[in-house]
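# Geometric and topological summary
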Amino acid sequence: MSKRSATEIHAASGSQGEPRKTPRGESKQREHAADDEMGEFEDAWEDELESDEEVVDAEAGKGEDGMDVDDEVMPPIEESEEQPAAPDVFIPGVHHLGKDEILEPDDSVYVMRHNMSVNWPCLSFDVLRDNLGDQRQRFPATAYIVAGTQADVAKNNEVSVYKMSSLQRTQRENDSDDEEDDDDDALDEDPVLEHRSVPHLGGVNRIRAQPLPASSPLPPVSQPYYVASWSETGKVHIWDVRPLIEALDVPGYTIDKSLTHTPAFTINSHGRAEGFAMDWASSGEANPSALRLLTGDIHSKIYLTTTTPSGFNALSQPFTSHTSSVEDLQWSPAEPTVFASCSADQSVQIWDVRAKGRKSVAGIDRAHDSDVNVISWNRSTTYLLLSGGDEGGIKVWDLRNVKKKGTSAPDPTPVAGFNWHRAPITSIEWHPTEDSIFAASGADDQVTLWDLAVEQDDEETGAMEATPEGGRDVPPQLLFVHQGQKDVKEVHWHPQIPGMVISTALDGFNVFKTISV
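First, a word on scope: everything that follows refers to the structure included in this document. (Residues numbered from 1 in each chain as written. Predicted model: local features only at pLDDT ≥ 70, side-chain atom pairs only at ≥ 80, totals over all residues. Heavy atoms only, no water.)

## A word on a nonpolar patch on the surface
Quick reminder of the rule: Only residues whose relative accessible area exceeds 30% and that take part in no salt bridge are eligible for patches, with like-charged residues grouped when within 9 Å of each other and nonpolar side chains (Val, Leu, Ile, Met, Phe, Trp, Tyr) grouped when within 5 Å. For every accessible area listed, the method is Shrake-Rupley and the probe measures 1.4 Å; residues are considered covered only by the protein chains on display. A carboxyl oxygen of Asp or Glu within 4 Å of a side-chain nitrogen of Lys or Arg is what we treat as a salt bridge. Secondary structure follows DSSP: runs of H or I at least 4 residues long count as helices, runs of E at least 2 residues long count as strands, and numbering of each begins at the N terminus. Three exposure classes are used, based on accessible area relative to the maximum for each residue type with a 1.4 Å probe and protein chains only: buried under 20%, partly exposed in between, and exposed over 50%.
Together, Val221, Val250 and Tyr253 give the surface a local cluster of nonpolar side chains, amounting to about 190 Å² of exposed area. Among the structural elements, Val250 can be located in the loop between helix H4 (242–249) and helix H5 (257–260). Under the relative-accessibility criterion, Val250 is labelled partly exposed at 32%.

## What to know about the pattern of salt bridges
Overall, the coordinates contain 15 salt bridges when judged by the stated rule. A salt bridge links Arg129 to Asp134; the shortest N-O distance between them is 3.1 Å. Residue Arg129 is classed as buried on the basis of its relative accessible area of 11%. A salt bridge links Lys405 to Asp365; the shortest N-O distance between them is 3.5 Å. One end of the pair, Lys405, is in the loop between strand S23 (403–404) and strand S24 (416–418); the other, Asp365, is in the loop between strand S19 (362–364) and strand S20 (372–377), and 40 residues separate them in sequence. Since its relative accessible area comes to 38%, Lys405 is described here as partly exposed.

## A closer look at the sheet that holds strand S16 (residues 326–331)
Quick reminder of the rule: DSSP-based pairing: two strands are paired if at least 2 bridges between them are found.
Ordered by their spatial adjacency, five strands build an open sheet running S16-S17-S18-S19-S23, and the pairing between neighbours is antiparallel. Either end of the sheet is taken by a strand with one partner, and the two such strands are S16 and S23. Here strand S18 (residues 348–352) pairs with S19 via three bridges, running antiparallel. Within S19, the position partnered with Ile350 by the bridge is Ala362.

Distances and angles like these do not, on their own, reveal function.
Spelled out as C-alpha cells, the structure:
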C-alpha cells in the first residue's frame, strides 16, 4: 500500500467519514441566502434593443413603454471559477457539537452508506454466509445477518435473521471501467429490510454463527446452520437458522416452528452466571460439521462444547486462569487446539485444550491498564493479535513474544498501540483478507478503520507538522472515522463483499463501504 502524506492523512482522518457540523435548520437558511446573494439576470433581449450608439439618454428617465431604464448596462454574469468553501470537519475529541448542531455525513467519501432501524436494539450480531458469491463488487448489494435483541422485558426478546437488499451505492465511481450493467435509475430505490425471528427468553449478550469454509455454498435447508446466543439468564442456546434464511429467499416457504422455535441444544454449564465471551471453530473443509464452541462468563470460567455424531457435548470441567470476568474469546486460525481469551483482570491468556489442569499456557498479565474488552486473531498473519481496552486503547501483539507460564520473563511490548478512542473499545476485528487492516468501535460513538501498513513520510508531513487545534495528533494509520450512531456495540466486516462494514448501536444498524478500504 502506498504511503500518504500527512496532508492527505489529515484529510483522510477528517473529511473521510467524519461528518460535518451543520446547525439545525441551516438548510433553510442556505436557501434564503442563495436568493439574497443572486445577482440580476441579464436581459435576454438586450443585445437586440441596445447598442453603444443607442443608449437611452439618462434625462429621458423612462423608455417609451414607461419602464425604468438603468444608467448602466449590467455585464453578463459569468460562472465563477472559485470553488465553494470546504465544509467544517468534525474531529472527535477536538471539536464539540453546539446546542443546535448535528453531524452531517460527507457522502463523497462513501461508496455506500445506509442506516437501518429495528424494533429493539441489538447488542450483538454476526454476518451470515450466502450463495451470492465471493468478492462481490456490483450494486445493489445484499447481505444477511443474525442478531439478538435487548427488549424491554425478557419474554419480548428474539433471535432474528435479517436480509438487507437493494443496498445501492451512494456515488458513481468515475473510473472508465465502471460496470455498464448498473442502472442509474436504481440508485433512488430504498433499501429493503426483511426478517424472520424466533423467540428468545432474556436479552442476547452476544451471538455468533458457526464458521463455514471459505468459498463454500450455504448448506441446503436439510442441513443445519448453527448460531449460538449468550442469554442474560446464564444459558447459551444453539439454534438452526437455515430454515429462517430459506423463508426469506423462497416465497411461500413454511417454517416448521416445532424445530426452529426450540434450541437445538442448550448449554447449562455456567449456571446462572451470564457472560459475553463466545467463539466457534470448525475442522474446516475436511470435516465442517465437527464444531467447537467456547463460552466464558462473568465468574472467570470458560467452558468448551463440542459436536459428536449424536449432537452436542458440553464438557463439565472449565478452564480457570482468569481472576475476573471473561470478556472475549478467539480460536487460533492456525492451531485447532489453541485459543486466546481476555478479561477484566487486565490480562490476555493463551490456552491449549490438551494442557493438563485446564490452565493457560502463556499470557500477557498486564495487557492494558484496565479491563481488556475485546480481542481479534489475525487470520492471515497468525502471530498477530489485537486487543481493545476499557481505557480506549488499542494494542497489536506479536504472540511469538508472549511469555510462557512458569517463566520470569516480563510482559512483551506491543508492536503497535493507538489511543485515539476516548471511551472503552466495544468491538475490534481484523479485515478478513487484508492482514494489516482492522476495524474498531468505541463507546465514544466512533467506528474507526485502520491500516498498520501506512507509515508517516517525514518529507511530506506538510500541515501536520503543527499540532491541530485542540492538541490532538491524527495517527497516519487511521484511515477513516465513521460517526452518527449512538452507543456503538459491535462492528464486523462482510467476508464476501470486500470493504463492507456493518455496525450495530442503540439506534440500529449502519451498513457502509468507504473509499479508503
